[in-house]
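Structure at a glance
Residues per chain, in single letters:
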Amino acid sequence: MRVNERLARQVADVMRLLYQRGLVQVKGGNVSVFDRSEGIIYISPTGVPRHTVGVDDVAVMTLDGRTLLGTPSSEFRLHLAIYREIEGSAAVVHAHPPNLIALYEAGLSLEVGVLTEALIRVGCVTDVPPITPGTQELADEVARALKASGCRAAVLRRHGVAVYSTTDVYEALDAVEALEDAAKVILTSRLRG
């Protein structure tokens with residue numbers, strides 16, 4: 001099979017950027033891009049330190065869950081469910097932003113209007129209750145919540161966030177960064193009264 005190196009490079013690049021920004025742990029989080037014209041999904045690998053992910057590490061799958069190359073992230077079900085449920089979805093970023101998680105654990109929720117970038121890049125956020133990571137139950141619940149709300153981002157309580165883009169993986173990364181920045185603004189302003 002012929003690998004689209006440009007898409008594989010984007011997955012690897014965003015994985016490294018997530019780690020550099022402190023939005024995932026050394027082996028946490030995952031990223032994918034869906035090449036709809038080929039029916040192929042490029043997804044970050046499992047077990048590879050996020051700061052070292054390269055093009056050759058990126059796994060390749062079909063929408064029905066068949067692995068064509070590599071070892072996909074244990075959260076591959078989440079990505080597949082979003083691609084199946086959300087028409088036009090082109091990329092998914094799943095991260096573990098600490099301020100966003102802390103915000104919800106403190107009993108607060110994200111008000112995207114607190115930061116213009118979050119409002120523009122995301123618009124709205126939905127959330128799902130704590131569900132075991134990597135399961136089909138989590139994947140289905142996130143995809144349902146995104147579709148029902150019309151939002152591009154779902155907070156996975158006690159776990160992280162999943163954001164999809166209809167253009168490219170960098171737009172999804174930008175949205176995750178904006179959400180984390182908005183959460184930090186809210187938490188900081190609460191602490192300062």
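Look up: the structure comes first, before these words.
Residues numbered from 1 in each chain as written. Predicted model: local features only at pLDDT ≥ 70, side-chain atom pairs only at ≥ 80, totals over all residues. Heavy atoms only, no water.

1. Focus: the pairing of strand β5 (residues 91-95)
- Most of β5 sits inside the fold, with five of its five residues counted as buried.
- Both faces of β5 are covered, namely the face carrying A91, V93 and A95 and the face carrying V92 and H94.
- One ladder, built from four bridges, connects strand β1 (residues 30-35) with β5; its direction is antiparallel. When the bridges of β5 are listed, S32 appears paired with V92.
- Pairing analysis gives five bridges linking β5 to strand β8 (residues 160-165), with the strands arranged antiparallel. Each residue of the ladder has a partner; that of V93, found in β8, is V163. (Buried < 20%, exposed > 50% of the residue type's maximum accessible area, 1.4 Å probe, protein only. Helix = DSSP H or I, 4+ residues; strand = E, 2+ residues; numbered from the N terminus. Pairing = 2+ DSSP bridges.)

2. Remarks on helix α6 (residues 169-191)
- Over its 23 residues, α6 extends 33 Å from the first C-alpha to the last, a length consistent with the 33 Å expected when each residue adds 1.5 Å.
- For α6, the capping residue at the N-terminal end is D168, with a side-chain oxygen 3.0 Å from the backbone nitrogen of Y170. (Expected span 1.5 Å × (residues − 1). Polar contact = N/O pair within 3.5 Å; in protein donor to acceptor, adjacent residues only side chain to side chain.)

3. Thoughts on the sheet that holds β8
- Here we have eight strands laid out as an open sheet, ordered β4-β3-β2-β1-β5-β8-β7-β6, and mixed in their pairing. The open sheet has two edge strands with one neighbour each: β4 (67-69) and β6 (125-128). Across the sheet, the mean angle from the axis of one strand to that of its neighbour is 20 degrees, orientation sign disregarded.
- Strands β1, β5, β6, β7 (153-156) and β8 of the sheet are contacted by α6, whose axis makes an angle of about 140 degrees with β8. (Axes fitted to C-alpha atoms, helices over the stretch in contact; angles between N-to-C directions. Contact = heavy atoms within 4.5 Å.)

4. Some thoughts on the side chain of E180
- Tracing the chain through its elements places E180 in helix α6.
- No salt bridge is formed by the buried E180; its nearest oppositely charged neighbour, R21, is found at 6.9 Å.
- Only 2.9 Å separates the side chain of E180 from the backbone nitrogen of L100, close enough to count as a polar contact.
- Each residue touching E180, except ones within four places of it in the same chain, is listed here: L23, P97, P98, N99 and L100. (Lys, Arg positive; Asp, Glu negative; His and termini not counted. Salt bridge = Lys/Arg side-chain N within 4 Å of Asp/Glu carboxyl O.)

5. Describing helix α3 (residues 98-105)
- For α3, every residue scored as buried is listed here: L100, L103 and Y104. Each buried residue of α3 lies within a common arc of 90 degrees when the element is viewed along its axis, so the set occupies one face.
- Considering only its buried residues, α3 is in contact with β6, β7, β8 and α6.
- Where α3 terminates, the next one or two residues include G107, which has phi positive at roughly 85 degrees. (Arc of directions from axis to C-beta.)

6. What to know about the state of the cysteines
- Using the criterion set out here, one finds one disulfide in the structure.
- The residue that forms a disulfide with C124 is C151, at a sulfur-sulfur distance of 2.1 Å. Because the torsion about its S-S bond is -125 degrees, the bridge between C124 and C151 counts as left-handed. Of this pair, C124 sits in the loop between α4 (116-121) and β6 while C151 sits in the loop between α5 (136-149) and β7; the two residues are 27 residues apart in sequence, bridging distant segments of the chain. (Disulfide = S-S within 2.5 Å.)

7. Considerations on unusual backbone geometry
- One non-glycine residue, R158, adopts positive backbone phi at about 60 degrees.
- If you trace the backbone, R158 turns up in the loop between β7 and β8.
- Overall, R158 belongs to the exposed group, its relative accessible area being 62%.

8. Some details on a nonpolar patch on the surface
- A cluster of nonpolar side chains, contributed by M1, L68 and L69, occupies part of the molecular surface with about 280 Å² of accessible area.
- Within the element layout of this structure, L68 appears in strand β4.
- According to the relative accessible area criterion, L68 is partly exposed, its value standing at 31%. (Patch = residues over 30% accessible without salt bridge, like charges linked within 9 Å, V, L, I, M, F, W, Y side chains within 5 Å. Areas by Shrake-Rupley, 256 points an atom, 1.4 Å probe, with all protein chains shown as cover.)

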